[in-house]
Structures are given as C-alpha cells and as structure tokens.
Amino acid sequence: MDYAALAQKYGTPLYIYDFDHMARQYQILKEAFGARKSLLAYAIKANSNLSVIRHFARLGAGADCVSLGEIKRAQLAGVPKYKIIFSGMGKRDDEIAGALKADILFVNVESEAELGRVEAIAEQMGVVARVSVRVNPDIDPKTHPYISTGLKENKFGVSIEAARGMYLRIKNSAHLEATGIHFHIGSQLTELDPILEATDRVADLLRSLKALELEGLRFFDVGGGLGITYKEESPIDAKAYAEGIYQRIKDLDMTILCEPGRFLTGAAGHFLTRVLYEKRSGDKRFVVVDGAMNDLLRPTLYKAYHRIEIVGKESQGPLADVVGPVCESGDYFAKEVPLPETAHDDLMVIHSAGAYGFVMSSNYNSRRRAAEVAIEAGSDRLIRPRESYEQLWQSELEWMQTP
Ligand SMILES: *Cc1c(COP(=O)(O)O)cnc(C)c1O
C-alpha cells in the first residue's frame, strides 16, 4: 500500500481501509461455517462508515446494531431488515418502537425490565415483537477487563435462571415471540475454550426449554469477540470455532448467528499521521504527531497496543513516547517504543486501526475528525471527507445568542 501517496492525496490524519482484506476476513468466517446454517451479522459499531457496512451487506452479511442510529445506518447501507438485529444494554422506548417499526429480525433483550418495555410497546403498536434473551453465562473470557462482558459482575445480560423465566414469559405473551438466544462474552478473544464453554451452558439452557415448544426460536447467537493480532496474539482458528460451536448444538437444529466486528475490520485499517516535532525532556523522548486521542482512543482507553511504523525507516532506535497535540497526558499512541530519528513531516502508520478507531473519534479540542478512504482492487476512494471547520460549529452558530 502506497501510504505516502495516500497521505499526499488526502492529507493527515487519515484512516485508510483495505476493503479486499475485509472481504477476505468475511469469506474466511463464512467458509468456516460452510454448509451449516449460519448468518454473519457484522457488529457495525466497530466501523460504521456507510461504505464499510454496504461492502459487507453486498457480501451477504447482516448487521448487529446497538442503537436506533445504527439500525438506520444499516438500512441506509442496504442491509435487509431480516438480517438486522438490535443488541445493547439500555434501549430507550423510542429505539424499541423504531426497531419494531423497522420490522428487524429480532431485539436482543438484556434484562427482565427491558423485556417488559418491549412487550408493552409491541402491545401499543399492535405487533408481535421478535426477541432473543442475552444470557450472561458467567465465563471468564480471558481478555482485558474493559472488554469482558460475560462475567456475572459485568452489566450485560441475565443469568441462566433469569433467562429461563423470561422465555416462559415470552411463551405466555401475545406480543412476544422468541426468535433467538444470545450470548457475547467479550471482545478481542484469543482463546476458544471460553466461547465453547459458554455455548455449552446456553445450549443446555435451550434443551431445558424444550417443553415450552418455542417454535420460532431459530437463531443461536454466539455474539462476536473474535480477536486479531495487534502484537503477537494468535487469533482463534475460524474453522475450529465454527466446528466447535456446531458440534455442541447440532442436535438443536438452529441457525448459528455470529456478530463479528473487530475480526472483519480491525487489521484492514491503518491510521496515518505526520510527525510534527521531536522533543526531549530529561531522558525522555517524545515524538509529537498531528493525530491524537480524539482520532484513535484505544491506547488511552484500553492501554491498547498498536504497531507503529515510520514510512521508509527501520523500526528501531531509542525509546520514545508517541503523543498527540491534545491537552491531556493521556493523549498518546504508544509509550516507550523503539523509533528511528524522525524529521518534521515524516509519515507514521499506526496499524490495525480499522475497528473501534474512527467510530470513537470526537471533536475534542475543536479538532476536525479525520478523513476515511477505501482501497479496493488497487484503487482508492474517499468514503468520508475530513470535516470542515464550519461543520464544527454549524449546529451552534444559529443558536448563539447575542445579549
Ligand atoms: C461489540 C459487540 C460485538 C462485536 O464485538 P467484536 O469484539 O468487535 O467482535 C458483537 N456483539 C455484541 C452484542 C457487541 O456488543
């Protein structure tokens, strides 16, 4: 990939996404499931640019959404409604109503109280809401605590016991239909065993519900969370993953629904930023770049590691912190990494930035959000221009009161 030419053409800071890499990741997972009934619903929160969603929709993917805004994005990008699911911790009434109106595949409910709201809203609207219960299987996914979601101390889902009661309630409701069962134990998972253990627990729950005869219950939703290589992690083998899940639930005759986010987009994305200055303070060396935590928050938020390269130079030299211009000590991309001597305007590539990168960006410090570019079949195209200064304040300007 010609980083220098792209930075020249589109400016920095810049996100570039290899669409062919994304397609390959999708195919790897789809082929791992092979002839078994499966649906891959791309977790669009990982990278919700419309062109990215549309890219996966064209390959046959559905969309896992966590807000009404994301459902609207999925629809705009052409994801058919029968492949859209709505997950997320706290759904507002208007979001539930919006999802029911959009007639999506199902709503993943996260608590007894939320199930009550879905039922009441479906009743008001005179519809039957297709739902799935998010079960918290209480399993340690062995990932970073911030992205672990399937332990009972995490806020997500309900216990197996509570889920049983909720399916009974769904069975007895005229406005609810059980369509799926769901778990999602965490993100950036690099071990298969916790996923398979969760599969076992949830499959056992399902078997114990047999007597309820929930005919519409067709989707066994194993969540997302498949990890990628940032440093030297070895990702879970897709074939072992698909086969392992299938073996544990084949007696149940369900469609396996999987919600990958990072796996599809993470390694396909690169963040380009230019060196502004080098600075020393005592023994400490800083490389100051034009990108910042408002562009890529993962190092600050999760202490995440991203491989860093200076275009045209070897990745060795004295240790340095790579920092941005934002007025926060937490504004950094790397700490104590070996870097060659840099000069003003040297181009830096921050790798594996395609998931939870641009989507977490903000305008903090009145910085314009970066541009996004797609690379596909050897050509590049803009999929979101850099924000203009006018865009930063256009929604405030007319509301500014003159005393
Ligand atoms: C975030 C999320 C995903 C995607 O997670 P990845 O780690 O990016 O694969 C899938 N399902 C749910 C419910 C999520 O919240």
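Every value quoted in this text rests on a predicted model; they were computed, and no experiment measured them.

Draft legend 1. Spatial organisation of a nonpolar patch on the surface. Taken together, the side chains of Tyr 389, Trp 393, Leu 397 and Met 400 present a nonpolar region at the surface, about 450 Å² in accessible area. The topology assignment puts Leu 397 in helix α12 (residues 389–397).

Draft legend 2. Up close: helix α1 (residues 3–10). Turning to α1, its buried residues number three or more, namely Tyr 3, Leu 6, Ala 7 and Tyr 10. Viewed end-on, α1 has its buried residues packed into an arc of 100°, placing them on one side of the element. Looking at α1, the residues exposed on the side facing more than 90 degrees away from the buried face are Gln 8 and Lys 9. Elements in contact with the buried residues of α1: β1 (14–18), β10 (269–281), β12 (308–310), β15 (347–350), β16 (371–376) and β17 (379–384). A positive phi of about 80° marks Gly 11, the residue just after α1.

Draft legend 3. Structural view of empty space enclosed by the protein. With the rule as written, the count across this model stands at one cavity of 30 Å³ or more. Approximately 30 Å³ is the volume attributed to the largest cavity. Around the largest cavity, the lining residues are Phe 183, His 184, Ile 185, Leu 189, Ile 195, Val 222, Gly 224 and Tyr 241. Of the residues contributing to the lining of the largest cavity, the split by class is six nonpolar, two polar and no charged.

Draft legend 4. Examining unusual backbone geometry more closely. A cis geometry characterises the amide bond from Thr 12 onward to Pro 13, with omega recorded as -5°. In this fold, Pro 13 is placed in the loop between α1 and β1. The backbone phi angle of Lys 303 is positive, close to 55°, even though this residue is not glycine. Topologically, Lys 303 is positioned in the loop between α11 (298–302) and β12.

Draft legend 5. Looking closely at the pattern of salt bridges. Throughout the structure, instances matching the rule amount to 26 salt bridges. Here Lys 9 and Asp 380 are joined by a salt bridge, their closest N and O atoms 2.7 Å apart. In this pair, Lys 9 is assigned in helix α1 and Asp 380 in strand β17, connecting sequence segments 371 residues apart. Residue class for Lys 9 comes out exposed when judged on its relative accessible area of 54%. The salt bridge involving Glu 112 is made with Arg 169; its shortest N-O contact spans 3.1 Å. Within this pair, whereas Glu 112 is found in helix α6 (residues 112–125), its partner Arg 169 is found in helix α7 (residues 160–171), the two being separated by 57 residues in sequence. You can call Arg 169 partly exposed: its relative accessible area is 29%. A single network of salt bridges, built from pairs that share partners, joins Glu 278, Arg 280, Arg 285 and Glu 341.

Draft legend 6. Spotlight on the side chain of His 182. Along the chain, His 182 turns up in strand β7 (residues 176–182). According to the relative accessible area criterion, His 182 is buried, its value standing at 1%.

Draft legend 7. Broad picture of the packing of α6 against α7. In the contact formed by α6 and α7, the axes pass within 11 Å of each other and the chain directions differ by 15°. Comparing their axes, α7 and α6 come out roughly parallel. The element α6 and its partner α7 pack so that their crossing is right-handed. Mapping the contact onto sequence places Glu 112, Leu 115, Gly 116 and Glu 119 in α6 and Met 166, Arg 169 and Ile 170 in α7.

Definitions and limits used
- Residues numbered from 1 in each chain as written.
- Predicted model: local features only at pLDDT ≥ 70, side-chain atom pairs only at ≥ 80, totals over all residues.
- Heavy atoms only, no water.
- Patch = residues over 30% accessible without salt bridge, like charges linked within 9 Å, V, L, I, M, F, W, Y side chains within 5 Å.
- Areas by Shrake-Rupley, 256 points an atom, 1.4 Å probe, with all protein chains shown as cover.
- Salt bridge = Lys/Arg side-chain N within 4 Å of Asp/Glu carboxyl O.
- Helix = DSSP H or I, 4+ residues; strand = E, 2+ residues; numbered from the N terminus.
- Buried < 20%, exposed > 50% of the residue type's maximum accessible area, 1.4 Å probe, protein only.
- Arc of directions from axis to C-beta.
- Contact = heavy atoms within 4.5 Å.
- 1 Å grid on protein atoms, 1.4 Å probe; cavity = no way out; pocket = protein on both sides within 12 Å on 5 of 7 lines; lining within 4 Å.
- Points joined across faces, edges and corners; volume = space filled by probe spheres on them.
- Nonpolar A, V, L, I, M, F, W, Y, C, P; charged D, E, K, R; others polar.
- Axes fitted to C-alpha atoms, helices over the stretch in contact; angles between N-to-C directions.
- Parallel < 35°, antiparallel > 145°, perpendicular 65-115°, else oblique.
- Left-handed = near helix turned anticlockwise from the far one by under 90°.

Any link to function would need more than the numbers given here.
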